[in-house]
Every structure is written in C-alpha cells, then in structure tokens.
Amino acid sequence: MNVRRLTRHAGIALFTAAVVSLLPACAARQTAEPPSVVFENAHSGGSTVAFSHSGDVLASGGWEGGLRLWHTARQRQVAGWKAHDSSVNGIGFTADDRYIITAGYDGVLAEWGRGGRLSRQRSTPSPVMHMVVHAASGRIITGHADGSVRIWRLSDFSLLRARELHGGVVKAVAIDPLRQHYASSGADGAVFVFDESGPARQLESSPLDAWTLAFSPDGQSLYGGSWFRLFRWQLSDGVLESLPTRHHGIIRSIQFVNGSNELATISRQTDRSVYFLDPQSGEITRKFRQHELCGAAVAVSGDGRYLGTTSDDASVRIYDLGQTAVSNGP
C-alpha cells in the first residue's frame, strides 16, 4: 500500500471515530441569526443555489430537477419550472442576468429565459455532478460522474477542452476569477489545477476528499471543504494546510463573501450548520440558524447583501445580511 493510501485510510479512520460521537449533531439546536424568509417545500430536496449578478433573484435547484426563482427583496417566488429529468447540480447567470444556465445529473447543459423558455441545450457524455459559471470570462466548467472535467464557452456552449483527470466521480469544480485557472476534486481524493491549454497540476493530497472548492479572491490559494475541516492549498507550491472548524460534518458548500475576508459555509451528513468563517483560522465570524435537515448549498450575492441556502429539508432560505429582523415565508 502506498503512502497516499495509508494517509487516506488514516484520515478515514479518524473521521469514522468522530462521526460515531457526533451522530446526534444533525438534530442539535443552536441560537443564531434567523433567515429573513423561509420558502418551505421548494423542492423535493434542495441541491444548489445561485444569485443573479444584480442580487435581485436567488435561483434554486432540487433533486426533482426543478428550478425556482425567488425575489430577494420582495421575498416571493417569481418563476419555477422543470429544468432537468433529475437533480439540478449547478446554476449560473449570464452577464446581463437575462438567462440562467443549469446543469443536471441527466447530463444536460441548458440555458433558460427568466420565464422558463429554453433557449439552448447540449447533452454531455456523462452526468454532471457540479457546474460553475463565470460570466465575466464567458466560461462554464462541469465535473462529471465518469471523472472527466469539461470547459465550455458560455455564449454558444462550444466545448473548449475536455480532461480525463479523476479515477472516480468529480465532486467539485471551481474557476479562478483573476487568472482564468480551474480546479477539480474527485472521489479518488485528487485535486487538480489547470488552464485551458497546459497540463493539469496535482496538488498535495488531502487525507479526505474535498467536497467543495473555491479560489481565494486574490488567486493565491484554493480552499476545499471536507469532514469538519477546511483545506487550503497555496497555489505557488501546492502545499496543503488543514484548518479545524466548528462544523460537525462534511463542509458541503463554500463561497467567499465579496468585499470581505469571510467564507460562507454549510455542512451536512452529521451537521446542518451555516457559518461565515475566517479563511485564515477557520474560526466562526458569523453564525446563522441551521436547517431542519443536513445542508446542501450556500451562496452570497455579489454585493454581499444576501445569503441563500438550501438543504435536504426541501426549503430555500434567504438571509438579509443587513438586518436581523425575521419574517416567515410561505
């Protein structure tokens, strides 16, 4: 058995012991900032959320393939339709916010008008497990069940590059907004960074899989979320740092908060917590009310005004970060 496998087996053993002691954590309660609105039964189970660039709309996707649009200020649903035959695993907006890009486990990449009219779609060779859209650079990246990663041109869905990187399912992909670099993580435990033309570079192996990825705003680091901990890779040398957090499960989704040095996070499996963390230390800087069931996805609006979350409990929640008053949604 090689060193990498020994390291991963040791990590898995540690996580298993921790899970045994934390099994009640998904049902634990804590005092935290409440959401401004809760949309109950938005999906059969929530899978992903994303804000429009203007921040006026939060889009959510679910296990059943449904897409819903929620007005952030008016706190109501403005549209909803069946977008995919199975789970929606990525949402993004075009630069002008007129169109919504979705990707699903059905392997379809699609573009929709805000009213639900399909304007284009493309079938991919394998189920899409995660997708990220970067409108400013006109790029889409998708990670697939067969271990492949694909880069697409946003304007016409042209395939720009396909890479066979992982020996298992791709768990997360990310785009560096400064340098147009990309990253992917897989069930094989590998994490790669690459661009559209050169070879992919594998970063230092982590003891457990990275379930979510995000480049730091300065482009110097890549962050990942796993059981209980944040991973931080320095991109200059690929060296890994592991940061403890107060999450009691898998950190399933992370996003940097624009205009601040904070990282929005949500966890699942034996947890359902929603936090803002200090990306240097992993300490909590802001705490939000948990979901009823394990967390799935988190998003922050570009102006930093709103936080959106969804979870296995089928709800979609919006937190107005500029106020603490709570109102109950439908």
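Quick look at the structure, then. (Residues numbered from 1 in each chain as written. Predicted model: local features only at pLDDT ≥ 70, side-chain atom pairs only at ≥ 80, totals over all residues. Heavy atoms only, no water.)

### Points about the overall build of the protein
At step 1: Scanning the protein from N- to C-terminus turns up one helix and 28 strands.
At step 2: Looking at the 330 residues of the protein, the share that counts as buried comes to 58%.
At step 3: When contacts within the protein are restricted to residue pairs at least 6 apart in sequence, those whose partners lie at least 24 apart make up 46%.
At step 4: With an accessible surface of roughly 13200 Å², the protein has 50% of that area assigned to carbon and sulfur atoms. (Helix = DSSP H or I, 4+ residues; strand = E, 2+ residues; numbered from the N terminus. Buried < 20%, exposed > 50% of the residue type's maximum accessible area, 1.4 Å probe, protein only. Contact = heavy atoms within 4.5 Å. Areas by Shrake-Rupley, 256 points an atom, 1.4 Å probe, with all protein chains shown as cover.)

### What about the sheet that holds strand β25 (residues 284-288)?
At step 1: The four strands lie next to each other as β22-β23-β24-β25, forming an open sheet whose pairing is antiparallel. Here the strands that pair on one side only, and so sit at the sheet edges, are β22 (250-256) and β25. Each strand of the sheet is rotated relative to its neighbour by a mean of 25°, with strand direction disregarded.
At step 2: For strand β23 (residues 263-268) and strand β24 (residues 274-277), the ladder comprises four bridges, and the chain directions are antiparallel. If you follow isoleucine 266 over to β24, its bridge partner there is valine 274. (Pairing = 2+ DSSP bridges. Axes fitted to C-alpha atoms, helices over the stretch in contact; angles between N-to-C directions.)

### Observations regarding the sheet that holds strand β4 (residues 66-71)
At step 1: Taking strand neighbours across the sheet as the criterion, the four strands line up as β2-β3-β4-β5 in an open arrangement whose pairing is antiparallel. Edge positions in the sheet fall to β2 (46-51) and β5 (76-82), since each of these pairs with one other strand and no more. Taken over all neighbouring pairs, the strand axes of this sheet differ in orientation by 20° on average, direction set aside.
At step 2: Sheet topology places strand β3 (residues 57-62) next to β4; five bridges connect them, and they run antiparallel. Residue valine 57 lies in a different strand from β4, and its bridge partner there is histidine 71.

### Focus: the nonpolar core
At step 1: Judged by nonpolar contacts, the single largest core of 15 residues is most densely connected at Ala59, Leu67, Leu69, Trp81, Ile91 and Ile100.
At step 2: Those elements giving two or more residues to this core turn out to be β3, β4, β5, β6 (88-93) and β8 (108-113).
At step 3: Once residues lying within four places of it in the same chain are set aside, the contact partners of leucine 67 are Ala59, Ser60, Ala79, Gly80, Trp81, Ala83, Ile91, Ile100 and Thr102.
At step 4: Counting residues in hydrophobic clusters, the runner-up holds 14 residues, among them Leu203, Phe231, Leu235 and Leu240. (Core = buried A, V, L, I, M, F, W, Y, C linked by side-chain atoms within 4.5 Å.)

### A closer look at unusual backbone geometry
At step 1: With a phi angle near 60°, phenylalanine 157 is a residue other than glycine that sits in the positive phi range.
At step 2: Relative to the assigned elements, phenylalanine 157 resides in the loop between β12 (148-153) and β13 (159-164).
At step 3: Look at alanine 314: it is not a glycine, yet its phi comes out positive at around 80°.
At step 4: As for its position among the elements, alanine 314 is in the loop between β27 (306-311) and β28 (316-320).
At step 5: Residue alanine 314 is classed as buried on the basis of its relative accessible area of 5%.

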